[in-house]
Amino acid sequence: MRPGVGPRYGPVMSMITWAALLGAIALEVAGTTMLQASQQFTRAWPTAGMAVCYGLAFYLLSIALRQMPVGIAYAIWSGLGVVLISVIGTVVFRQRLDLPAMVGLAMIVGGVVVINLFSKTIGH
């Protein structure tokens, strides 16, 4: 492996790593929102926007994976993504969440917090 390429799980994650991961999450959430708006791929612009957002999201995730273990990156990606898309579903699409759904979302947020605060796998 060339120097400067590949996994480097050093003591501190760079700001670029975190920015790439957060950008990937935002683009994945935007893509999923457009997926809903595409009405099963029957609307061209939301469908095209979804494809672009997902492509860019995976590109940014690949940048984050240069320094972050894939399991940790995916836990953060999926945890924050599911919470954000649930909020968007509630606010934008008027979808309702019942109590078990809200408890489950709180548990997901708790898991992401535990990983970020206490795991030695990820550098702080």
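Residues numbered from 1 in each chain as written. Predicted model: local features only at pLDDT ≥ 70, side-chain atom pairs only at ≥ 80, totals over all residues. Heavy atoms only, no water.

What about helix α2 (residues 44-64)?
Its 21 residues place the ends of α2 30 Å apart at the C-alpha level, agreeing with the 30 Å of an ideal helix rising 1.5 Å per residue. Of the residues making up α2, those classed as buried are P46, T47, G49, M50, C53, A57, L61, I63 and A64. Its buried side turned inward, α2 meets α1 (15-37) and α3 (70-91). (Helix = DSSP H or I, 4+ residues; strand = E, 2+ residues; numbered from the N terminus. Expected span 1.5 Å × (residues − 1). Buried < 20%, exposed > 50% of the residue type's maximum accessible area, 1.4 Å probe, protein only. Contact = heavy atoms within 4.5 Å.)

What to know about the environment of M107
Considering the arrangement of structural elements, one finds M107 in helix α4 (residues 99-118). Separated by 28 residues in sequence, M107 and G79 have C-alpha atoms that sit 9.5 Å apart.

What about the packing of α1 against α2?
At a minimum axis separation of 7 Å, α1 and α2 run at an interaxial angle of 160 degrees. Between α1 and α2, the interaxial angle falls into the category roughly antiparallel. By crossing handedness, the relation of α1 to α2 is classed as left-handed. Grouping the amino acids of the contact of α1 with α2 by side-chain chemistry returns 19 nonpolar, 5 polar and 1 charged. (Axes fitted to C-alpha atoms, helices over the stretch in contact; angles between N-to-C directions. Parallel < 35°, antiparallel > 145°, perpendicular 65-115°, else oblique. Left-handed = near helix turned anticlockwise from the far one by under 90°. Nonpolar A, V, L, I, M, F, W, Y, C, P; charged D, E, K, R; others polar.)

With respect to the packing of aromatic side chains
Given two aromatic rings, one states the distance between the centres and the angle between the planes to describe the pair. The final tally for this structure, using the stated rule, is 1 aromatic pair. Residues F58 and W77 carry aromatic rings whose centres are separated by 5.5 Å and whose planes lie at 40 degrees to one another, so their mutual orientation is tilted. Of this pair, F58 sits in helix α2 while W77 sits in helix α3, and the two are 19 residues apart along the sequence. A relative accessible area of 52% means that F58 is categorised as exposed. (Phe/Tyr/Trp six-rings, centres within 6.5 Å; stacked < 30°, edge-to-face > 60°.)

With respect to the packing of α1 against α3
Angle between the axes and distance between the axes are the two parameters that describe a pair of packed helices. Two elements in contact, α1 and α3, have axes whose closest approach is 9 Å; the angle formed by their N-to-C orientations is 40 degrees. It follows that α1 is oblique to α3 by the angle criterion. Note that α1 runs across α3; the crossing there is right-handed. Residues W18, L21, L22, A24, I25, E28, V29, T32 and T33 of α1 pack against A73, I76, W77, L80, G81, L84, I85 and I88 of α3. For the contact of α1 with α3, the class distribution of residues is 13 nonpolar, 3 polar and 1 charged.

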